[in-house]
Amino acid sequence: MPRTQLTEHFFLDEFLVSDTAEKRGIPNTPTKEHLANIENFLAPGLEKARAILDGRAIVITSAYRNPKINKIVGGTATSAHPKGYAADIRVAGLTHFAVARVLAASGLKFDQLILEISRNIVHLSFDPKQRGQVLTQAKGPGTEIVTGLPD
């Protein structure tokens, strides 16, 4: 089956992978609305982030999660993942601290950037709210999230 390319560097299947869904046999298929969010907001937003990061490859560790998967993995009820707006990423050759700092200072339009220290990832949401929130979560899902990035 051919892969569906959404942007120059991103394919649809990268946004739908879920180890939890696979292990539990739960389909992680987005609704038409959520698929449109991935195509129109998330993939283009990550493409812009990649350009800001000097073209470095972005690895998506988690993006779309249907509501059941989101609940199982400890996602919040207001999470942007089940809506198709968010991705957790790692970037080749950069620490998660460096990725967060570069993107936060770049002028990239996003809703939320969360440095998730315990998971070594950066959460990026391109929800149209575009609040520009820069946050840090030190200890993992369900723990305190604070404004700003550590020094």
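Residues numbered from 1 in each chain as written. Predicted model: local features only at pLDDT ≥ 70, side-chain atom pairs only at ≥ 80, totals over all residues. Heavy atoms only, no water.

**Student:** Looking at this structure, I do not really get the layout of surface pockets. What am I missing?
**Tutor:** The gaps left among the atoms become clear once a water-sized probe is rolled over them. Its boundaries defined by the atoms lining it, the largest pocket holds a volume of some 660 Å³. Mapped by element, the contributors of at least two residues to the lining of the largest pocket are α2 (19-24), β1 (58-62), β3 (112-116), β4 (121-125) and β5 (133-137). It is β3 that provides the largest number of residues to the lining of the largest pocket, a total of 3 residues. Of the residues contributing to the lining of the largest pocket, the split by class is 10 nonpolar, 15 polar and 10 charged. (1 Å grid on protein atoms, 1.4 Å probe; cavity = no way out; pocket = protein on both sides within 12 Å on 5 of 7 lines; lining within 4 Å. Points joined across faces, edges and corners; volume = space filled by probe spheres on them. Helix = DSSP H or I, 4+ residues; strand = E, 2+ residues; numbered from the N terminus. Nonpolar A, V, L, I, M, F, W, Y, C, P; charged D, E, K, R; others polar.)

**Student:** I keep staring at the sheet that holds strand β6 (residues 145-147) and nothing clicks. Help me out?
**Tutor:** Strand pairing in a sheet takes place through backbone hydrogen bonds and is either antiparallel or parallel in direction. Taken together, 6 strands build an open sheet; the order of strands is β1-β2-β4-β3-β5-β6 and the sheet is mixed. Strands at the two margins of the open sheet, each flanked by one partner only, are β1 and β6. Within this sheet the neighbouring strands show an average axis-to-axis angle of 30 degrees, counted without direction. In this structure, β1 lies alongside strand β2 (residues 86-91), joined through 4 bridges in antiparallel fashion. (Pairing = 2+ DSSP bridges. Axes fitted to C-alpha atoms, helices over the stretch in contact; angles between N-to-C directions.)

**Student:** Could you clarify how one ought to interpret the pattern of salt bridges in this entry?
**Tutor:** A side chain of one charge can pair with a side chain of the opposite charge when the charged atoms of the two come close. All chains considered together, the criterion is met by 5 salt bridges. Note that arginine 119 is salt-bridged to glutamate 116, the shortest N-O span being 2.5 Å. In this structure arginine 119 comes out as partly exposed when scored by relative accessible area, which is 29%. Counted as one network, the salt bridges with shared partners bring together Arg65, Asp88, Glu116 and Arg119. (Salt bridge = Lys/Arg side-chain N within 4 Å of Asp/Glu carboxyl O. Buried < 20%, exposed > 50% of the residue type's maximum accessible area, 1.4 Å probe, protein only.)

**Student:** Even after reading the chapter, I still don't get unusual backbone geometry, so can you show me in this structure?
**Tutor:** What is expected of a backbone is that most residues other than glycine have negative phi and most peptide bonds are trans. Not every positive phi belongs to a glycine, and aspartate 54 is a case in point at roughly 60 degrees. Summarising the element assignment, aspartate 54 is placed in the loop between α3 (32-52) and β1.

**Student:** Looking at this structure, how should I read the nonpolar core?
**Tutor:** Generally speaking, nonpolar side chains in soluble globular proteins are found buried as a group. Judged by nonpolar contacts, the single largest core of 28 residues is most densely connected at Phe15, Leu46, Ile89 and Leu124. Contributing elements (two or more residues each) for this core: α1 (12-16), α3, β1, β2, α5 (96-105), β3 and β4. Ranked by the residues each element gives to this core, the list is headed by α3, at 5 residues. Discounting residues that sit within four places of it in the chain, isoleucine 89 has contacts with Leu46, Ile58, Val59, Ile60, Thr61, Val99, Ile121, Val122 and Leu124. (Core = buried A, V, L, I, M, F, W, Y, C linked by side-chain atoms within 4.5 Å. Contact = heavy atoms within 4.5 Å.)

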